[in-house]
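Survey of secondary and tertiary structure
The chain contents come next:
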Amino acid sequence: MKLFARGKTTEEDIYRRLSFDPENNTLLDEIARARRAVEDAYTNFQNTCDPDLIDSYIYEGNAAWKRYRFLLRQIGDGVK
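Notes on the structure follow. The structure displayed is predicted, hence computed values, not measured ones. (Residues numbered from 1 in each chain as written. Predicted model: local features only at pLDDT ≥ 70, side-chain atom pairs only at ≥ 80, totals over all residues. Heavy atoms only, no water.)

1. Quick look at the overall build of the chain
When helices and strands are counted, the chain shows three helices and zero strands. Element order for the chain, N to C, with α for helix and β for strand: α-α-α. Taken across its 80 residues, the chain has 19% of its residues classed as buried. Here the contacts in the chain between residues at least 6 apart in sequence split such that 56% fall between residues at least 24 apart. For the chain, the exposed surface amounts to about 6,600 Å²; the carbon and sulfur share of it is 54%. (Helix = DSSP H or I, 4+ residues; strand = E, 2+ residues; numbered from the N terminus. Buried < 20%, exposed > 50% of the residue type's maximum accessible area, 1.4 Å probe, protein only. Contact = heavy atoms within 4.5 Å. Areas by Shrake-Rupley, 256 points an atom, 1.4 Å probe, with all protein chains shown as cover.)

Here it is, written out as structure tokens:
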């Protein structure tokens, strides 16, 4: 018994889950969350002095930024 239906690749699953749904605005909500994550990482980076936390917030901000860009590309592809 499969708990979750999977596509041929993980990437197909991501695109399917994050595709634009006008009733739920799933993609728009994800974009808003990603933007907040970028802003939070930047704010935390600005307010810390510990070298380990600085590194952590740099990685966190970079990951959030890449996700944000990915999601924006998804909405751009859906407009075509």
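2. Structural notes on the pattern of salt bridges
In total, this model carries three salt bridges according to the counting rule given. Arginine 33 is the salt-bridge partner of glutamate 30, the closest N and O atoms lying 2.4 Å from each other. Of the two residues, glutamate 30 and arginine 33 are both situated in helix 2 (residues 26-46); the distance of three residues between them amounts to about one turn of the helix. With its nearest N and O atoms 2.4 Å apart, the salt bridge here joins arginine 67 to glutamate 30. Of this pair, arginine 67 sits in helix 3 (residues 51-79) while glutamate 30 sits in helix 2, placing them 37 residues apart in sequence. Assessed through its relative accessible area of 37%, arginine 67 is described here as partly exposed. Through salt bridges with shared partners, a single ionic network connects Glu30, Arg33 and Arg67. (Salt bridge = Lys/Arg side-chain N within 4 Å of Asp/Glu carboxyl O.)

3. Looking at the side chain of glutamate 30
Using a relative accessible area of 16% as the deciding quantity, one classes glutamate 30 as buried. A polar contact is formed between the side chain of glutamate 30 and the side chain of arginine 67, at a distance of 2.4 Å. (Polar contact = N/O pair within 3.5 Å; in protein donor to acceptor, adjacent residues only side chain to side chain.)

4. Some remarks on the packing of aromatic side chains
This structure, assessed with the given rule, holds one aromatic pair. Measuring from centroid to centroid gives 5.7 Å for tryptophan 65 and tyrosine 68, while their planes differ by 35°, and the two rings are tilted. On the criterion of helical spacing, the pair formed by tryptophan 65 and tyrosine 68 is a turn pair, its members being three residues apart in helix 3. Tryptophan 65 gets classed as partly exposed once you look at its relative accessible area, which sits at 42%. (Phe/Tyr/Trp six-rings, centres within 6.5 Å; stacked < 30°, edge-to-face > 60°.)

5. A short note on the side chain of threonine 48
Take threonine 48: it is sitting in the loop between helix 2 and helix 3. Given a relative accessible area of 14%, threonine 48 falls into the buried group. Contacts of threonine 48, omitting those with residues within four sequence positions, involve Leu53, Ile54 and Tyr57.

Honestly, it's all geometry; don't read function into it.
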